[in-house]
Amino acid sequence: MTETAASDFRPSQRHIRLDTILRLRWLAVLGQLAAIFIVAQGLEFDVPIVPCVGIIGLSATLNLALQTAVNPMRRLPIQAAGLLALNIVELAGLLFFTGGLQNPFSFLFLAPVLISATALPARLTFGLGILAVACASILFFFHFPLPWDSEDPVVLPPIYLVGVWLSIVLAIGVTSLYSFQVTEEARKLADALAATELVLTREQHLTQLDGLAAAAAHELGTPLATIFLISRELEKTVKDPAFAADLKTLREQTQRCRDILGKITQLSSTGAPFDRMKLSELIEEVVAPHRDFGVAIKVRIAVTATAEPVGSRNPAVLYGVGNIIENAVDFANSTVEVNAWWNNDTIEIVISDDGPGIPPDLMNRIGEPYLSRRRARDSGGGLGLGVFIARTLLERTGAKVSFTNRTFPEHGAVVQIAWPRQRFEAIESLEETIG
């Protein structure tokens, strides 16, 4: 189950559209022009307007050229990183003419790196961070005076400028790392939920095919029975040995078709989307595919005074419980135990194995997406989505899923799945599960 989902789903990549970068660059152009106008005209400070407007003009010209020559909807990580790097260089040029690190706008070095941390791969973000720190370091030593009142110039002590430089470096490092981690977690969660929906859709499709097979077997049964009866009667009346042999073959093949359809009907007799099934039948259905892998699966159904719960043959429940049993078989040394009990209020399934158990460093993170520590004997490896998908699907049906280890000196993992009985017996359809 896990391998199937992994083979069909690939996590999304970290990209950003060219159009998004160009919009941000236009915003920067407008902001820079507004800042120069306010400082020069509003505050009447002596600003080197010509070089500053020249840098801004080059930036605007490049924006126009890119919008004309390149499809703005394209996702180009390398080119996007190049434009963000150009933003850093342009900002460094403007700060060079307007006071260097003395200029309060020097903290805008953080913006391009922060954008990259949320939308581009880590290696590109690291490169942009190095470029921003390098530009800030150069501006520490080389820059024009800060535009200010010539009669009362601002003289900042070197120790203050060192503090400004250090704060820029730390802000770039800390905020970029934080943004990268938060964005990566959100992206992984979104991808894992998309994979969950993919698995749930596939289970729904298989269930629908199962019902369709049963309907087809029922509809084909009548004409095949007619063909069988006619061929048998003709076989009795025809004397020509050649025709008799052909009629016998026809009757035998017709009977074979009837047998095949009969098997399909039996397999699908409890597989229609709204069929009801007892808890013991559910457990047997999910356990059966895993009995021939060299691991003994012991199923114990507790006998209680209350009637056995009956629920729908829900694909989400089947996949969720089946995936947890599959993981238990993968990690078990020799035995997997599946215990079930119920009362008037609660239904509980406990799945345990005699494997190494859940590592302590994963105990509090079990069920997160892309968390996998498969043993070498396992093929494929998967994406680490199996337990996440199983837990998500089961919790959507109202179950509470918990993970623990067996009490020492025993070893192995224990997964407890518990439903309120009323909720379990009320699950009627896949659509309700999705909702």
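Please read all numbers here as calculations on a predicted model, not as lab measurements.

Asks: Honestly, the overall build of the protein chain in this entry has me stumped. Any pointers?
Replies: Across its full length, the protein chain holds 14 helices and seven strands. Taking all 435 residues of the protein chain together, the buried fraction comes to 40%. Long-range contacts, defined here as pairs at least 24 residues apart, represent 77% of the contacts in the protein chain between residues at least 6 apart. If you sum the accessible surface of the protein chain, you get close to 23,400 Å²; carbon and sulfur atoms cover 64% of it.

Asks: What exactly am I supposed to notice about helix α10 (residues 315–331) here?
Replies: What sets the pattern is the α-helix's 3.6 residues per turn: residues three or four places apart point alike. Between its terminal C-alpha atoms α10 stretches 24 Å, which fits the 24 Å expected from 17 residues at 1.5 Å a residue. Summarising burial for α10: 16 of the 17 residues are buried, a large majority.

Asks: Explanation requested: the nonpolar core in the structure shown.
Replies: Most often, soluble globular proteins keep nonpolar side chains buried together rather than apart. Ranked by size, the top nonpolar core spans 35 residues in total, and within it Val-321, Val-336, Val-338, Ile-351, Ile-417 and Trp-419 carry the most contacts. Broken down by element, the residue count for this core peaks at seven residues, all from α10. If we ignore the near neighbours within four places in the chain, the residues touching Val-336 are Val-295, Ala-296, Ile-297, Lys-298, Ala-328, Val-329, Ile-351, Ser-352 and Asp-353. Counting residues in each nonpolar core, the second largest holds 28 residues, with Leu-66, Ala-81, Leu-101 and Phe-109 among its members.

Asks: How do you make sense of a nonpolar patch on the surface when you look at a structure like this?
Replies: On the surface, Leu-33, Ile-49 and Val-53 cluster together into a nonpolar patch covering about 210 Å² of accessible area. If you trace the backbone, Leu-33 turns up in helix α2 (residues 18–42). Note on Leu-33: relative accessible area 37%, which makes it partly exposed.

Asks: Hey, could you run me through the packing of helix α4 (residues 77–97) against helix α6 (residues 122–141) in this one?
Replies: Relative to each other, α4 and α6 sit at 10°, their axes nearing to 10 Å. Taken together, the axes of α4 and α6 lie roughly parallel to each other. Listed contacts from α6 to Pro-77, Ile-78, Ala-81, Leu-84, Ala-85, Ile-88, Val-89, Ala-92, Leu-95 and Phe-96 of α4 are Arg-123, Leu-124, Leu-128, Leu-131, Ala-132, Cys-135 and Leu-139. A per-class count over the contact of α4 with α6 returns 16 nonpolar, no polar and one charged.

Asks: Got a minute to help me understand the environment of Gln-32 in this structure?
Replies: Residue position: Gln-32 is located in helix α2. Note: C-alpha distance between Gln-32 and Cys-52 (20 residues apart in sequence) is 8.9 Å. In this structure Gln-32 touches Ile-56 and Leu-94, once residues within four positions along its chain are discounted.

Asks: Sorry, what's going on with the sheet that holds strand β7 (residues 413–420) here?
Replies: Across a sheet, strands are paired by hydrogen bonds formed along the backbone, either parallel or antiparallel in direction. Reading across the sheet, the five strands line up as β2-β4-β5-β7-β6 and stay open at both edges, with mixed pairing between neighbours. What marks the edges here is a single partner per strand, and that holds for β2 (296–301) and β6 (400–405). Ignoring strand direction, the axes of neighbouring strands in this sheet form an average angle of 15°. Here β6 runs beside β7; their pairing, made up of six bridges, is antiparallel. Bridging from a neighbouring strand, Ser-402 pairs with Gln-416 of β7.

Asks: Whenever I open this one, the UniProt feature "transmembrane region" (unreviewed entry) in the protein chain confuses me. Can you help?
Replies: Annotation from UniProt places "transmembrane region" (unreviewed entry) at residues 21–41, 47–66, 78–98, 104–121, 128–146 and 158–180. Taken as a whole, residues 21–41 contains 100% helix and 0% strand, while its terminal C-alpha atoms sit 30 Å from one another. Counting secondary structure, residues 104–121 comes out at 56% helix and 0% strand; the distance between its end C-alpha atoms is 29 Å.

Here is what the cut-offs are and how they apply
- Think of each chain on its own: its residues are numbered from 1, step by step along the sequence as written.
- Given that the model is predicted, a residue must reach a pLDDT of at least 70 before its local features are reported, and side-chain atom pairs must reach 80 or more before they are shown or counted; all residues, however, enter totals for whole chains, interfaces and linings.
- The side-chain values count all of the structure's non-hydrogen atoms but skip hydrogen atoms and water molecules.
- Secondary structure elements are defined from DSSP: runs of H or I of at least 4 residues count as helices, runs of E of at least 2 residues count as strands, and each element is numbered from the N terminus.
- Relative accessibility thresholds used throughout: buried, under 20% of the residue-type maximum; exposed, over 50%; partly exposed, between the two (1.4 Å probe, protein chains only).
- We call two residues in contact when some of their heavy atoms are within 4.5 Å.
- Using the Shrake-Rupley algorithm and a 1.4 Å probe, accessible areas are obtained, with residue cover drawn only from the displayed protein chains.
- An expected span of 1.5 Å times one less than the residue number is assigned to each helix.
- The criterion is simple. A nonpolar core is a set of buried Ala, Val, Leu, Ile, Met, Phe, Trp, Tyr and Cys residues joined through side-chain atoms within 4.5 Å.
- For patch building, the residue pool is restricted to those with more than 30% relative accessible area and no salt bridge; the joining distance is 9 Å between like charges and 5 Å between nonpolar side chains (Val, Leu, Ile, Met, Phe, Trp, Tyr).
- Between Lys or Arg on one side and Asp or Glu on the other, a salt bridge is scored when a side-chain nitrogen of the former is within 4 Å of a carboxyl oxygen of the latter.
- To obtain an axis, a line is fitted to C-alpha atoms, over the contacting stretch when the element is a helix, and the angle between two such axes runs from 0 to 180 degrees between their N-to-C directions.
- For classification purposes, an angle smaller than 35 degrees is called roughly parallel, one larger than 145 roughly antiparallel, one from 65 to 115 roughly perpendicular, and anything else oblique.
- Three residue categories are used. Nonpolar comprises Ala, Val, Leu, Ile, Met, Phe, Trp, Tyr, Cys and Pro, charged comprises Asp, Glu, Lys and Arg, and polar comprises the others, including Gly.
- Two strands are counted as paired when DSSP detects at least two bridges linking them.
- UniProt positions are given in the numbering used here, feature names are shortened, and annotations may be inferred rather than shown by experiment.

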